[in-house]
Amino acid sequence: MSKKECIAMLLAGGQGSRLGALTRGIAKPAVSFGGKYRIIDFALSNCSNSGIGTVGVLTQYKPYLLHSYIGTGEAWNLDERGGGVSILPPYATETGGSWYEGTADAVYQNIGYIELNDPEYVLILSGDQLYRMDYHKMLDSHIAHDADLTISVMPVAWEEASRFGIITKDEDDRVLKFTEKPTKPDSNLASMGIYIFKADLLLAALKEDAIDQQSEHDFGKDIIPKLLGDGKRLYTYEFNGFWRDVGTIASFHETSMSLLGEQPEFDLYSKDFPIMSNASTRPPHYVGPNGEVTDCLIANGSRVYGTVKHSILSIDSYVGERATVEDSVLLPGARVKDGAHVVRAILGENSVVEENVNLGSVDQTKDTAVIGDDVVVGKGEE
Amino acid sequence: MARAIGLITTNYSTKNPSALTEERPVASLPYLGRYRLIDFPLSNMVNAGIRTVGVVMPYNYRSLIDHVGSGKDWSLDRKNGGLFVLPGTAFGTSRTGARFLLRDIEHNKVFLERDTAPYVVCSASNIVCNVDYHALIDAHEASGADITVLCQSADGADEDITKFDVNDGRVCGVSHGVGFGDTAFLDCFVISRDLLLNLLEWFSAVDYLDLFEALQNDFQRFDVRPFMFEGYAAGIFNVRSYFRHSMDLLNPSIDDQLFMPGRPVLTKAHDNPPAKYERGSHVCNSLVSAGCRIRGAVSDSVLGRGVIVESGATVRNSIVMQSCVIKSGARVENAIVDRNNVIPARTELRGTPEAVLVKGKGEVTE
């Protein structure tokens, strides 16, 4: 295989346990988002739009849907000869096999894949974040700084800073200090979990980390502090734009809602940087004679006979006569039957809200209602 | 071994040209927001497990090639078999309307000779339907007929549809135009590959004819039998039938006959986000495609991909194709607006239900 400039290692093995019912049967990167997408579409589209044609996708937790969805990578123009998407689940060797124990361990176990491709740089990504980013600009910055490691960062609200890996940098963007989830942050620049390494340095660091008994084999907790301590050249690349890690039901709901409105925070309509997906081919959606739709995103294959406000209807959703849906997200195939009322809720794939059932509450102090995939909510069960 | 290969013909013009077919063959006429007519025969073939499909091209093939490409969206970009783009014969010398021009098939004999599948399913591309070709081939095998033609009992008069006279389950005559209750040909048939090759040879002197015209006097010799299809089928031959059969789909029970879980209608994939409705939009009894952005009012209409309806604009009883912009305060009524048109603010584009207005392709680039 010829030498490549940069390949991506996309970490997509996470369970996303805080998404509860939405990840009971599928991995977090496979969770449906924005009507016709799945979360991993964003990272894969970013790779494609950035000209990175070799992407290893590291999977582990409940991978079937994810594997079949990614397929050959064709939907993201990543079915390239001598590259493209490779799915990398844990595997066994003559000395046995083991699960991926941490982000760094997952990449360490696939060192062979990196060596096979022999790139100069390796981009490490997470498959469960929503953003649009040209990685090639980050790579340019990495090369310009002659950095060993470049960490993509963004300013966050100070009160949120203790949830992230926080970076203090000098005027030349060189990293001075990195603290994972600090209790008293002295900076509000957060690591986005997007890294570009010089490939040789990454391989050496991973091998060293693998034999360290004290290590948790995590990029943020172990690899970065070690490299910083060793005096390596760590730089930041500042990103200013929409970026979300939808870790919880509340943030999933809030992030979904941010796609709505006249001036949405995240604009899906950009033509020069399209978000691509492997959505199934369905006919245009239908709004019935008594349908009323306002402030919504509605995907193909849906049918709306009732009233839908400020909501997202994914592929093949259904809202029956006299039913109302408000401030909610219907994932693919979800059905709200005649006369049912759904407010501030997330309905899992192919879930059903039976006739005349009331689900959810307008009371903002209450949690967003969540119905798992394939669950049927009948009268008296709401 | 594959049971059948497919052959789709597109090299014929409509008798009723309009602005819609000025720059494109009927096969690539946009339909129902996101489809083109050829998607239906192509998907029917793929859904029946046919993995080798030849498409006989018309002279103005640009939009058709652009649409089918390598056949990827129909899983026809294959190592063995797949999509074959076949040249049609010189256009303009043939009469309009011949759906299975012998010369078109004759010139591509090599496509038929190189395969080993026992049957060939042939289809034209004017008729929208979702048919299980497996059942068609099964019936063909079971009856032992030479040719099995896909037919439907006509629900009204249509001069563009071919009529078969049927006697005791066998076709005994063919003519143009059907009336209510006649056996209407859905321009699709199955035949053994060997017999088709033989027919091409026998009829080589009259290769300017349609296959069924050539067979006209031979229905004694050849056992041609109809296979009756009960589902929705819509022949699209002129602006009127195009409009009417687009509006048919505003009835979800008809949609269900075209779009079903086991037999998806496949088409070229685009990366359009879901349609977006802003505050104040008012939409009813309409089909809306991905990528649309709606601030105005839309009723009894079909919107293609990426159509923008600005605030205060009204679209009624109309078909608006891909990438059109209906500016603020504009009114579109009883009209077909071909792709890339901008309807300026506070202007009107209005036909009548009896005489739908057609606005040809616009110049906007995406």
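Since this is a predicted model, take the numbers as computed values, not measurements.

## So, the overall build of chain B
Each helix and strand counted, chain B has nine helices and 28 strands in total. Taking 21 Å as the expected radius of gyration for a compact globule of 366 residues, we find that chain B reaches 21 Å, a close match to that expectation. Reported as C-alpha extents along the three principal axes, the dimensions of chain B are approximately 65 × 45 × 40 Å. Buried positions account for 60% of the 366 residues belonging to chain B.

## Considerations on the overall build of chain A
Scanning chain A for helices and strands turns up eight helices and 29 strands. Taken over the C-alpha trace, chain A has a radius of gyration of 22 Å; the compact-globule value for 382 residues is 21 Å, and the two agree within 12%. Reported as C-alpha extents along the three principal axes, the dimensions of chain A are approximately 65 × 45 × 40 Å. When each of the 382 residues of chain A is scored for burial, the buried share is 58%. Intrachain contacts of chain A at a sequence separation of at least 6 include 59% that bridge at least 24 residues. Approximately 15600 Å² of chain A is accessible, and the part contributed by carbon and sulfur atoms is 46%. Separation of charge centres in chain A, based on 34 positive and 55 negative side chains, amounts to 2 Å.

## Considering helix α5 (residues 135-144) of chain A
Residues and elements named next belong to chain A. Among the residues of α5, Tyr-135, Met-138, Leu-139, Ser-141 and His-142 are the ones counted as buried. Burial along α5 is one-sided: seen end-on, the buried residues are contained in an arc of 160 degrees. The exposed set on the far side of α5, more than 90 degrees from its buried face, consists of Lys-137 and Ala-144. At the N-terminal boundary of α5, the capping side chain belongs to Asp-134, with an oxygen 2.9 Å from the backbone nitrogen of His-136. Once α5 ends, the next one or two residues include Asp-146, with phi positive near 50 degrees.

## Examining the pairing of strand β10 (residues 170-178) of chain B
All names here are of chain B. Here seven bridges tie strand β9 (residues 158-167) to β10, and the two strands are oriented antiparallel to one another. From the neighbouring strand, Asp-158 faces β10, where its bridge partner is Val-178. Counting the residues that bridge the hairpin from β9 to β10 gives two residues, and of these Asp-168 lies at a positive phi of roughly 55 degrees.

## Observations regarding the pattern of salt bridges
Counted by the stated rule, this structure contains 40 salt bridges over all chains. One salt bridge in this structure joins A:Asp186 and A:Lys177, with 2.6 Å as the shortest N-O distance. Residue class for A:Lys177 comes out partly exposed when judged on its relative accessible area of 38%. Between B:Arg331 and B:Glu333 there is a salt bridge; the shortest N-O distance is 3.0 Å. You can call B:Arg331 partly exposed: its relative accessible area is 30%. Through salt bridges with shared partners, a single ionic network connects B:Arg316, B:Arg331, B:Glu333, B:Glu348 and B:Arg350.

## Section: a negative patch on the surface
A contiguous patch of negative charge, built from A:Glu5, A:Glu120, A:Asp140 and A:Asp200, is present on the exposed surface. As for its position among the elements, A:Glu5 is in strand β1 (residues 4-11).

## What to know about the nonpolar core
Counting residues in each nonpolar core, the largest one holds 67 residues, and the members touching the most others are A:Tyr135, A:Ile194 and A:Phe252. Tallying contributions element by element places helix α1 (residues 40-49) of chain A first for this core, with five residues. Not counting residues within four places of it along the chain, the set of residues in contact with A:Tyr135 comprises A:Ala43, A:Asn46, A:Cys47, A:Ser50, A:Ile52, A:Leu123, A:Leu125, A:Ile194 and A:Ile196. Formed by 44 residues, the second largest nonpolar core is a distinct cluster that contains A:Val342, B:Cys292, B:Val298 and B:Ala313.

## Quick word on the sheet that holds strand β24 (residues 331-333) of chain B
All names here are of chain B. The strand order across the open sheet built from five strands is β15-β18-β21-β24-β27, with neighbouring strands paired in parallel fashion. Two strands in the sheet have a free side with no partner beyond their single neighbour: β15 (282-284) and β27 (348-350). Neighbouring strand axes in the sheet, compared pairwise and without regard to direction, differ in orientation by 5 degrees on average. For strand β21 (residues 314-316) and β24, the ladder comprises three bridges, and the chain directions are parallel. Within β24, the position partnered with Arg-316 by the bridge is Glu-333.

## Comments concerning the environment of A:Ser162
All names here are of chain A. Note that Ser-162 resides in the loop between β10 (149-155) and β11 (165-169). For Ser-162, a relative accessible area of 32% gives the class partly exposed. Along the chain, Ser-162 and Asn-188 lie 26 residues apart, while their C-alpha atoms are 8.8 Å from each other. Those residues within four positions of Ser-162 in sequence are excluded, and the remaining contacts are Lys-181, Pro-182 and Pro-185.

## Looking at the sheet that holds strand β16 (residues 286-288) of chain B
Strand order in this open sheet of eleven strands is β29(A)-β26(A)-β23(A)-β20(A)-β18(A)-β16(A)-β16(B)-β19(B)-β22(B)-β25(B)-β28(B), and the pairing throughout is mixed. Of all strands in the sheet, those with a lone pairing partner are β29 (376-377) of chain A together with β28 (357-359) of chain B, marking the two edges. In terms of strand pairing, strand β26 (residues 352-353) of chain A meets β29(A) through two bridges, oriented parallel. Its bridge partner being in β29(A), A:Val353 is matched across the sheet by A:Val377.

## Thoughts on unusual backbone geometry
Of note, A:Asp316 is a non-glycine position whose phi angle comes to about 60 degrees, a positive value. Tracing the backbone through its elements, the reader meets A:Asp316 in the loop between β19 (307-313) and β20 (318-319). Positive phi is not limited to glycine here, since B:Asp187 has a value of about 55 degrees. With respect to the helices, strands and loops of the structure, B:Asp187 is situated in strand β11 (residues 183-192). B:Asp187 gets classed as buried once you look at its relative accessible area, which sits at 3%.

## A closer look at the domain arrangement of chain B
All names here are of chain B. Each assigned domain of chain B is listed here: domain 1 (4-258) and domain 2 (276-359). Taking the mean C-alpha position of each, domain 1 and domain 2 sit 32 Å from one another. Facing 17 residues of domain 1, the contacting portion of domain 2 comprises 21 residues. Between domain 1 and domain 2, roughly 1500 Å² of surface is buried when both sides are summed, and carbon and sulfur atoms account for 69% of that area. Counting the surface domain 1 buries against domain 2, the share from its top three residues, Gly-33, Phe-243 and Leu-250, is 37%. A salt bridge links Arg-24 to Asp-338, with the nearest nitrogen and oxygen atoms 2.8 Å apart. Joining domain 1 to domain 2, the criterion identifies two residue pairs in polar contact (both at pLDDT 80 or more). Ranked by residue count, the leading element in the side of domain 1 that touches domain 2 is helix α8 (residues 239-247), at six residues. Here the side of domain 1 that touches domain 2 is composed, by residue class, of ten nonpolar, two polar and five charged.

## Description of the interface of chain B and chain A
Facing 38 residues of chain B, the contacting portion of chain A comprises 37 residues. Between chain B and chain A the total buried area reaches about 3100 Å² when both faces are included, carbon and sulfur atoms providing 49% of it. Linking chain B to chain A there are four salt bridges. Linking chain B to chain A there are 21 residue pairs in polar contact (both at pLDDT 80 or more). Within the residue set of the side of chain B that touches chain A, elements represented by two or more residues are α9 (252-258), β14 (275-277), β15 and β16 of chain B. By residue class, the composition of the side of chain B that touches chain A is 17 nonpolar, ten polar and eleven charged. Across three bridges, strand β16 (residues 285-287) of chain A lies against β16(B) in antiparallel orientation.

About the cut-offs
Residues numbered from 1 in each chain as written. Chains lettered and ligands numbered in written order. Predicted model: local features only at pLDDT ≥ 70, side-chain atom pairs only at ≥ 80, totals over all residues. Heavy atoms only, no water. Helix = DSSP H or I, 4+ residues; strand = E, 2+ residues; numbered from the N terminus. Rg over C-alpha atoms; globule rule 2.2 N^0.38 Å. Buried < 20%, exposed > 50% of the residue type's maximum accessible area, 1.4 Å probe, protein only. Contact = heavy atoms within 4.5 Å. Areas by Shrake-Rupley, 256 points an atom, 1.4 Å probe, with all protein chains shown as cover. Lys, Arg positive; Asp, Glu negative; His and termini not counted. Charge placed at Lys NZ, Arg CZ, Asp CG, Glu CD. Arc of directions from axis to C-beta. Polar contact = N/O pair within 3.5 Å; in protein donor to acceptor, adjacent residues only side chain to side chain. Pairing = 2+ DSSP bridges. Salt bridge = Lys/Arg side-chain N within 4 Å of Asp/Glu carboxyl O. Patch = residues over 30% accessible without salt bridge, like charges linked within 9 Å, V, L, I, M, F, W, Y side chains within 5 Å. Core = buried A, V, L, I, M, F, W, Y, C linked by side-chain atoms within 4.5 Å. Axes fitted to C-alpha atoms, helices over the stretch in contact; angles between N-to-C directions. Domains from an automatic or database assignment. Buried area = accessible area lost by both parts, 1.4 Å probe. Nonpolar A, V, L, I, M, F, W, Y, C, P; charged D, E, K, R; others polar.

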